[in-house]
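# Residue-level structural notes
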Amino acid sequence: MSRLEAKKPPLFISEPLTKDAVSQSLSLLSGILKSSYGPAGQLKQLHNGVGGCVCTTSQSSALLGHLSVSQPVLRVLTASVQNHVSRFSDCGLFTAILCCGFLENFRSLNVAPFAVIKISRHLLSLCMDHLKSGACGCRVSVDFSSVEALVCLVRSILTSKPACMLNKTEVDHLTTLVLKAFVFTVPCHVETNAILGKCVIVPVKGRRVLDSTVLPGLLIEMPEIQSGNPLAVKRTGSNMIKIALFSVSMSGDGFNPEEGTIAVHLGVSLEVAELNQLLDLGKQLLNDEVGLVVCQKVMHPSLKQYLKENGVVAVDRAGLSLMEPLGCMTGSQPIASIHSLSPDCYGSLKDLCIESFASKHFLHLIPEDTVICSLILCNRSETAWDELKRVCETAEHVLQLTMKEPLALLGGGCTETHLASYLRHKSSSLPASTFKDLDCSQTQYQLVAEGFCRSLESVARSLSHNDGDTLTDMVYGHCWFVPSGSPCVSKWSDLVSKCGCGVNGNAEDLSWRFLQGQSGSPVLQGCPKEPSVKAADFLTLDCFAAKCSGLQVALETANLILDLSYIIEDQN
C-alpha cells in the first residue's frame, strides 16, 4: 500500500517585488531582452537539457516561447507580451523591455504603488493623445499610392533580425518580394467588407536568398511529377478548370472499428465495396467536368490512376494548412463526404502548370483573380530560414495593420526619446487641478514622470550594443548613437551624422546631451519640434498600431505586477 502524505499548506509570498529572487530574475530577463534588441542585437541559442531542436534567434516570439520561466511575476510579464505578439506580430521586444524598465524604475520610487499606477496611466494618456494628434513629431503618414514608406517599413523589419544573415542586396530583393506578395493579397474589386487574401510561404532551404521569388496562386509540392512532361488536364466548355476539394479521407478505409460493427454478407468484400464506391465517385467527378481533385488526406491509388487516365489531376495529402487558401482562391467548398456531391461545392481555376525549384517539383494553381500567392523563400541554412520565415510573416502582418491604419512611427529609438522629451515638457506645465484630480502632489507626479521617461529612454539605449554613447538632441528630441572608441571632440556633430531613424542630419546645431541614466544631464525644457518627415530611402520606421499597443501593454502589465501584494503557491 502506498504511503499517504499529508497535504502541505500553500506558500504565501508577500510584496513579491521586494524579494531578491524576483529582482534578480527580472534583471536577468531584462538583460537577455535588451541584448537581443535591434539590428545589432546579440543572438541567443535556446535548447532544453534533454536534446531536441536548437533555436538560434533574437526574436521575441521565439525567445519567450522557448524560455522556461519559473517566477510567477515573470510569467505574468511574458504571457502578456506573448499575447501582444500573437495579435500584432511586431514590437514584442520593445514591449517586454519597456515593461521591465517600468518595474525597475517605479519600484525604486518612494511613492505608494496606487499613486504610481494613477500617475503613470495619466502619463500614458498624454503619450497616446500626442501620438494620435497631427502635431506629433514622430508620426509618419503612409501613402499607399506610393511605395517609399512601405519599403522603409518592410526593410526596417527585415534588418532588425541579424539571425536572418542578410546583406543589403538580399534585403532589397526580399523587400520587393514581400511588397509584391502583399499587393497580390489585396482584392482588385473592393466591396463593402473587403477581405485580404493570404501569402503562403513555401520552404526551399539550402539555396541563395536571391533565388526567392513570389508567384500568384498556390504551389503544391508533388515529388512524383516530372517537370519535362506536359500537363494534360480536363477543362470545361468555358476553358476553365473545375476543382473539387475533399477534406475527408479517400483511401477506402472508411470503416472505423470504434464506431461499432458492420454485418457483411457471405462472399461480399468490404474493401472491394469501398473501392467501387470510390470509383463511382470518380465517374461522377468526370461527369461534372472536374479537372483537378485535391484531397486533404490520403487518396486510394486505384482512384488516382482512374482519374489520371481520364485527364483529371489528382493530389492527395495536401494537408490542413492549404485547405483555407485553396477554398478562398478557387471558391470551392471542402467536401466532407464521398457519398453525396453538390454542384455548388466545386470551384474553378484559370490554369495549371508545373514549376521546379531546386530539386523540388510543384503543381502551380493559377486563379482567375489573385488574392492568394506563394512566396518561395530560400536561405542558406535551416536556422537562418526559420528566422527569415518569422520575419516575413511579421512584415506581411504589419502591412495589413498599416493598411487598416495608414500610419507609422519613427524607429531607431527616436520615438522613445521624443516621447520622453515631450512628457518632460508637458509634465512641467500641468495645472494644479491635475494633481488634485489624481490625488497626488506635484513632487510625486514629477518623480513618476521621470521614471516613465527613463524607461522609454532605456529602450532607446538598448539599441546600442558597442559601449558607445547614446545622445538625444534638445530641438527634436531624437536619438543619436556615437560609435564606441570615438575620440573626444568639442562638437558632437563631428561624431554623429544622422539620428537613429534617419530623418535628421548633423547640419544644424541641435544641442546634443547624454540620455538620462548615462550621466547627469539637463532636462529638456522646450517642447520638441516637428521635423519635416519624408520617406527617404533609408528611413527606419515602426508599425504604428503595434507600437501603440506595446506601450499600453507594457504599462498595464507593469501596473498589474506593482499592485501584487501576495503570491500564493500550491506546494503539493
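Below: a short report on this structure. What you see is a predicted model; the values in this text were computed from it and never measured.

This part is about the overall build of the chain. Secondary structure summary: the chain contains 15 helices and 20 strands in total. Counting all 572 residues of the chain, 49% fall into the buried class. For the chain, the accessible area works out to roughly 27,300 Å², and carbon and sulfur atoms hold 52% of it.

The backbone of S89 shows a phi angle near 70°, a positive value even though the residue is not glycine. Its location among the elements puts S89 in the loop between α3 (72-88) and α4 (92-106). On the accessibility criterion, S89 (24% relative accessible area) is partly exposed. If you check the backbone angles, R317 has positive phi at about 55° while not being a glycine. Inspection of the secondary structure assignment puts R317 in the loop between β10 (313-315) and α10 (323-330). Judged by its relative accessible area of 59%, R317 is exposed.

Right, let's talk about a nonpolar patch on the surface for a bit. A cluster of nonpolar side chains, F12, Y566 and I568, forms an exposed patch at the surface whose accessible area comes to about 370 Å². Locating F12 in the fold gives a position in strand β1 (residues 11-14).

Spatially, β17-β16-β18 is the arrangement adopted by the three strands of the open sheet, whose pairing is antiparallel. Since the sheet does not close on itself, it has two edges, and those belong to β17 (479-481) and β18 (512-514), each with one partner. Shown here is a sheet whose adjacent strand axes are inclined to one another by a mean of 40°, direction ignored. As paired strands, strand β16 (residues 470-473) and β17 are joined by three bridges and run antiparallel to one another. Residue pairing across strands places T472 opposite C479, the latter belonging to β17.

L131 and Y445 are the most contacted members of the largest nonpolar core, which totals 124 residues. Each of two domains, domain 1 (11-138 + 410-569) and domain 2 (143-217 + 376-405), supplies a minimum of three residues to this core. Apart from residues lying up to four places away in sequence, Y445 is in contact with I119, H122, L123, L126, S427, L430, F435, L438 and C440. Membership of the second largest hydrophobic core comes to 25 residues, among which are V294, L349, L352 and L365.

Strand order in the open sheet made by the three strands is β5-β14-β6, with mixed pairing throughout. Of all strands in the sheet, those with a lone pairing partner are β5 (198-205) and β6 (213-216), marking the two edges. Neighbour-to-neighbour, the strand axes of this sheet turn through a mean angle of 20°, independent of strand direction. Across eight bridges, the pairing between β5 and strand β14 (residues 372-379) is parallel. Its bridge partner being in β14, C199 is matched across the sheet by C373. Running at roughly 15° to β6, helix α7 (residues 168-184) makes contact with β5, β6 and β14 of the sheet.

Attention shifts here to the side chain of Q59. Checked against the element boundaries, Q59 lands in the loop between β3 (51-57) and α2 (60-66). Residue class for Q59 comes out buried when judged on its relative accessible area of 6%. The residues contacting Q59, other than those within four sequence positions of it, are K161, E387, R390, V391 and T394.

Bringing the packing of α3 against α4 into the picture now. Each pair of packed helices gets described by two things: the angle between the helix axes and the distance between those axes. Where α3 meets α4, the closest approach of the two axes is 9 Å, and the angle between their N-to-C directions is 150°. With respect to α4, the axis of α3 lies roughly antiparallel. For the pair α3 and α4, the crossing hand works out as right-handed. Residues L77, V81, H84 and V85 of α3 touch α4, and the partners they reach there are G92, T95, A96, C99, C100 and L103. For the contact of α3 with α4, the per-class residue count stands at seven nonpolar, three polar and no charged.

Here we take up the packing of helix α5 (residues 113-131) against helix α15 (residues 544-562). As a packed pair, α5 and α15 sit with axes 10 Å apart at the nearest point and diverge in direction by 175°. Here α5 is positioned roughly antiparallel relative to α15, judged by the angle of their axes. Where α5 approaches α15, its residues P113, V116, I117, S120, R121, L124, C127, M128 and L131 are matched on the opposing element by F544, C548, L551, Q552, L555, E556, N559 and L562. For the contact of α5 with α15, a count of residues per class yields 12 nonpolar, three polar and two charged.

This part takes up α10. For the α-helix, the turn length of 3.6 residues means that residues three or four positions removed from each other point alike. With respect to burial, α10 is a largely interior element, six of its eight residues being buried. Residues of α10 that are buried: M323, P325, L326, G327, M329 and T330. With its phi angle positive at about 80°, G331 sits one or two positions after the end of α10.

Turning next to the pattern of salt bridges. Going through the model one piece at a time under the given rule, you end up with 18 salt bridges. Of the charged contacts, one joins D172 and R155 as a salt bridge, the two residues approaching to 3.4 Å between their closest N and O atoms. Linking D172 in helix α7 with R155 in helix α6 (residues 148-159), this pair joins segments that are 17 residues apart in sequence. Here R155 falls in the buried class, since its relative accessible area comes to 16%. Ionic pairing is found between D211 and R207, a salt bridge with its closest N-O pair at 3.8 Å. Since its relative accessible area comes to 38%, R207 is described here as partly exposed. Beyond isolated ion pairs, a larger network of salt bridges with shared partners links R424, E450, R454, E457 and R513.

About the criteria used
Residues numbered from 1 in each chain as written. Predicted model: local features only at pLDDT ≥ 70, side-chain atom pairs only at ≥ 80, totals over all residues. Heavy atoms only, no water. Helix = DSSP H or I, 4+ residues; strand = E, 2+ residues; numbered from the N terminus. Buried < 20%, exposed > 50% of the residue type's maximum accessible area, 1.4 Å probe, protein only. Areas by Shrake-Rupley, 256 points an atom, 1.4 Å probe, with all protein chains shown as cover. Patch = residues over 30% accessible without salt bridge, like charges linked within 9 Å, V, L, I, M, F, W, Y side chains within 5 Å. Salt bridge = Lys/Arg side-chain N within 4 Å of Asp/Glu carboxyl O. Pairing = 2+ DSSP bridges. Axes fitted to C-alpha atoms, helices over the stretch in contact; angles between N-to-C directions. Core = buried A, V, L, I, M, F, W, Y, C linked by side-chain atoms within 4.5 Å. Domains from an automatic or database assignment. Contact = heavy atoms within 4.5 Å. Parallel < 35°, antiparallel > 145°, perpendicular 65-115°, else oblique. Left-handed = near helix turned anticlockwise from the far one by under 90°. Nonpolar A, V, L, I, M, F, W, Y, C, P; charged D, E, K, R; others polar.

Nothing here speaks to function; it is geometry throughout.
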